[in-house]
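# Architecture at a glance
These are the residues of each chain, in order.
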Amino acid sequence: MQEGDTVPISGNTTPQTGNVMLGRYRLLRRIGKGGMGEVWLGEDPRLRRQVAIKTLPLLGQSNAEYSRRFEQEARAAAALNHPHILPVHDYGEQVVANGQVVTYIVMAFVQGGSLAERIAMLDHDNRGMPLNDIMSYLSQAAEAIDYAHSLGVLHRDIKPSNMLLRSDNWLLLADFGIARILSEPGQNTQTGLGFGTPEYMAPEQAQGKAEAASDNYSLAVIAYQLFTRRLPFSGDTSYATTIQHLHISTNLFLQLEWHHSYPPVDGPRHRSLQQEAR
Ligand SMILES: Nc1ncnc2c1ncn2[C@@H]1O[C@H](COP(=O)(O)OP(=O)(O)O)[C@@H](O)[C@H]1O
Ligand SMILES: [Mg+2]
């Protein structure tokens, strides 16, 4: 197994249902794999409830500094208490094969999929999203982001796959602080330009200076995507996309090609999008 590999936790085989434990949690099946680890449907036998367990990329040997930082970020995320922020239940570390360490975060399991999946389904059917849904998702996410910012916590990875949807269209923002854990020097993942998905990343964040406005910028990119059905900047490579964000005007609203199926924008909405885009 290489450093930076994600689970298989039990060695070389992907765990089958129900027989792999992380701490007291039983892994049932893998539900997703992102740029930073995997997400598993799990079960908490003590509380008898389903949970989602995110495993982060394998560390080499145990690393006290990483553990301390991880704990700090997990605590900051767990301290967020908002109706549109996915609750963090628990976190832990477990030594697996070859003395490698799996770090994991236990969260509420959300059944309805993510906004990314909803966008992909609509694209597949060549349909736009109903305007009410767009406005509802954007305002739910904005409330969560504003709340976290009021406590001095940045998200750093606002994107549709981190917006989980319940069947009633209730949105839960996931993965607070995870980008920070994984982008610290000394981690296996790349830093700076190569880190994360660049389509939603603000120019200053790509240059290593994330601030509250960077989260707002990412939300504005999502707004652009939902209204126009395409991304504002998208190159053949991550690098090319980042360069576009850095060098092409970031006033997203002025470039927004309103999809013909939506009504004309009104004053307050116009202003708020301009503010998001700075
Ligand atoms: N708490 C959760 N409940 C249900 N599904 C989840 C949860 N967290 C993540 N997922 C799913 O797992 C996928 C992978 O998540 P993640 O590893 O964070 O990568 P990314 O966010 O880059 O897609 C997500 O796209 C989402 O569909
Ligand atoms: Mg995620």
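So, here is what we can say about the structure in this document.

Each value, and the rule that gives it
- Residues numbered from 1 in each chain as written.
- Chains lettered and ligands numbered in written order.
- Predicted model: local features only at pLDDT ≥ 70, side-chain atom pairs only at ≥ 80, totals over all residues.
- Near = placed C-beta within 6 Å.
- Helix = DSSP H or I, 4+ residues; strand = E, 2+ residues; numbered from the N terminus.
- Nonpolar A, V, L, I, M, F, W, Y, C, P; charged D, E, K, R; others polar.
- Domains from an automatic or database assignment.
- Buried ≥ 20, exposed ≤ 12 C-beta atoms within 10 Å, placed from the backbone.
- Core = buried A, V, L, I, M, F, W, Y, C linked by C-beta atoms within 7 Å.
- Contact = placed C-beta atoms within 7 Å.
- Pairing = 2+ DSSP bridges.

### Examining the site of ligand 1
As a structural note, the neighbourhood of ligand 1 is formed by 21 residues, with Gly32, Gly34, Val39, Ala52 and Ser161 the closest of them. Elements that contribute at least two residues to the shell around ligand 1 include exactly strand E2 (25-34), strand E3 (37-44) and strand E6 (101-108). The greatest single-element share of the shell around ligand 1, amounting to three residues, is contributed by E2. Here the residues of the shell around ligand 1 sort into twelve nonpolar, eight polar and one charged. Composition of the shell around ligand 1 by domain shows at least three residues from each of domain 1 (21-108) and domain 2 (115-277).

### Re the environment of Pro232
Note that Pro232 resides in the loop between helix H6 (212-228) and helix H7 (238-247). Overall, the presence of 23 C-beta atoms within 10 Å leaves Pro232 in the buried class. Spatially, the C-alpha atom of Pro232 lies 9.9 Å from that of Ala220, the residues being twelve residues apart in sequence.

### Details of the nonpolar core
Where a protein is soluble and globular, its nonpolar side chains tend to be buried together. Among the nonpolar cores identified, the biggest contains 54 residues, and Ile53, Ala141, Met163, Leu173, Leu219 and Ala223 are the most heavily contacted of them. For this core, the leading source of residues is H6, giving nine residues. When residues of this core are assigned to domains, at least three map to each of domain 1 (21-108) and domain 2 (115-277). Not counting residues up to four positions away in its chain, the partners in contact with Leu173 are His84, Ile85, Leu86, Ala141, Ala144, Asn162 and Met163.

### Quick notes on the pairing of E3
Both E2 and E3 contribute to a ladder of seven bridges, which runs antiparallel. Across the sheet, Arg26 pairs through a bridge with Glu43, a residue of E3. Counted between consecutive antiparallel strands, the loop separating E2 from E3 contains two residues. Two strands pair when backbone bridges link them, and E3 and strand E4 (residues 49-55) are joined in this way by seven bridges, in the antiparallel orientation. Across the sheet, the residue bridging to Gly42 is Val51, located in E4.

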